[in-house]
Every structure is written in C-alpha cells, then in structure tokens.
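Structural description and commentary
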Amino acid sequence: MMLFHAHLMHQSFLSSRAPTNISTPPWLMEEARDAWMSRLHDDITVSRPQRELAQIFNKLGVRHEVEHVTDDGYFSIDIYLPDHDIAVEFDGPSHYYSNSDSPLRTAKTELRDLFLGQRCAKVLTVPWFEFSKFNASAVKRTLYVRELLAKEGIIV
C-alpha cells in the first residue's frame, strides 16, 4: 500500500520536475494498487459530524454525495458537491498535530488535499474545532456552512 502511495506522489508531483525511471516489477505494482484500492473500499466510515454536515447540505438544497470515490478510484471524498466540483473534507482531531499550541494540520492531511485538488476544482475543509463551536445551535451551524459556501461563490 505504501508503495502505491509513493507511486502516486511521484506520478502526481515529481515526474515532470525530476524525471526518473523507477523500475518495479509489474506484479508488485499491481499488488500495491490492489492493496490501496482494498483499503479505500474497506475503510469507509461516515462520522456523526460528517452525517450532520450532509444533513445541512440537504437543508440548504445543495446536491451532494457522501463518500464519493474519485473518477480514478484512488480516493474517497467525505462529501462531494458535483454541481461545483468541490470536495468537502471534514477534518476531525486526527487531521491535526496534538502537540501544537495552535491547530496545525498533519502532513498526511495536506497531502490528501493536494491529491484531491488535482481531481476536483476545489477542496473545502471543515475543521472539527470550528464546526463543534455550534453544537448547541443547528441554526448557527447552518449559517456557518452557508458562509463557507458563500466564500466559494455558492449562494444558498
């Protein structure tokens, strides 16, 4: 699986800048790709906040797909807005370094957004610490999402 991840990074970000010929046996790359794809389909879980975010999109009348798989089949997007080609990722605590005084996104999360940014027009992240500020008020949470969308030019 890590081999295929490295392959994707090389193919996506390095091959045009630093052309190198990396030789791997075809069977090994095929097994690595199969492991990647298996993990993608086996590890799909929809968190409670992610479901709540999807419900807000429903309320606002924004067409969306939960756990949309990218066209190449390599990534699953938390919530995809097909009319706008926007990937919406709900970033829970695991997407941030815990030993930081201020919220600092992990390298893995930054890399995910780079990959998704190559597959969608825009990647919109919803940090858990912002979304959870409005736990007590569904109205305020809806306004928060409406504002995020407005920043992307989506008026609802």
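What counts and how
- Residues numbered from 1 in each chain as written.
- Predicted model: local features only at pLDDT ≥ 70, side-chain atom pairs only at ≥ 80, totals over all residues.
- Heavy atoms only, no water.
- Core = buried A, V, L, I, M, F, W, Y, C linked by side-chain atoms within 4.5 Å.
- Buried < 20%, exposed > 50% of the residue type's maximum accessible area, 1.4 Å probe, protein only.
- Helix = DSSP H or I, 4+ residues; strand = E, 2+ residues; numbered from the N terminus.
- Contact = heavy atoms within 4.5 Å.
- Pairing = 2+ DSSP bridges.
- Axes fitted to C-alpha atoms, helices over the stretch in contact; angles between N-to-C directions.

A few points about the nonpolar core
Counting 19 residues, the largest nonpolar core has Leu53, Phe57, Leu81, Val88, Val145 and Leu149 as its most contacted members. Secondary structure elements with two or more residues in this core: α3 (48-60), β2 (76-81), β3 (86-91), β4 (122-127) and α6 (138-151). Per element, the largest residue contribution to this core is five residues, and it comes from α3. Setting aside residues no more than four positions away along its own chain, Leu81 makes contact with Phe57, Val62, Arg63, His64, Ile86, Val88, Leu149 and Ile154. The next biggest cluster of nonpolar side chains, apart from the first, holds 15 residues, and it includes Phe4, Ala32, Met37 and Tyr80.

Some points on the sheet that holds strand β1 (residues 65-69)
The strand order β1-β2-β3-β4 describes an open sheet built from four strands, whose pairing is mixed. Strands with a single pairing partner mark the edges of an open sheet, and in this sheet they are β1 and β4. Within this sheet the neighbouring strands show an average axis-to-axis angle of 45°, counted without direction. Where β2 meets β3, three bridges bridge the pair, whose relative direction is antiparallel. Bridged to Tyr80 within β3 is Ala87. Across the sheet, helix α4 (residues 107-119) lies against β2, β3 and β4, angled at about 165° from β3, the strand it touches most. Running at roughly 155° to β4, α6 makes contact with β2 and β4 of the sheet.

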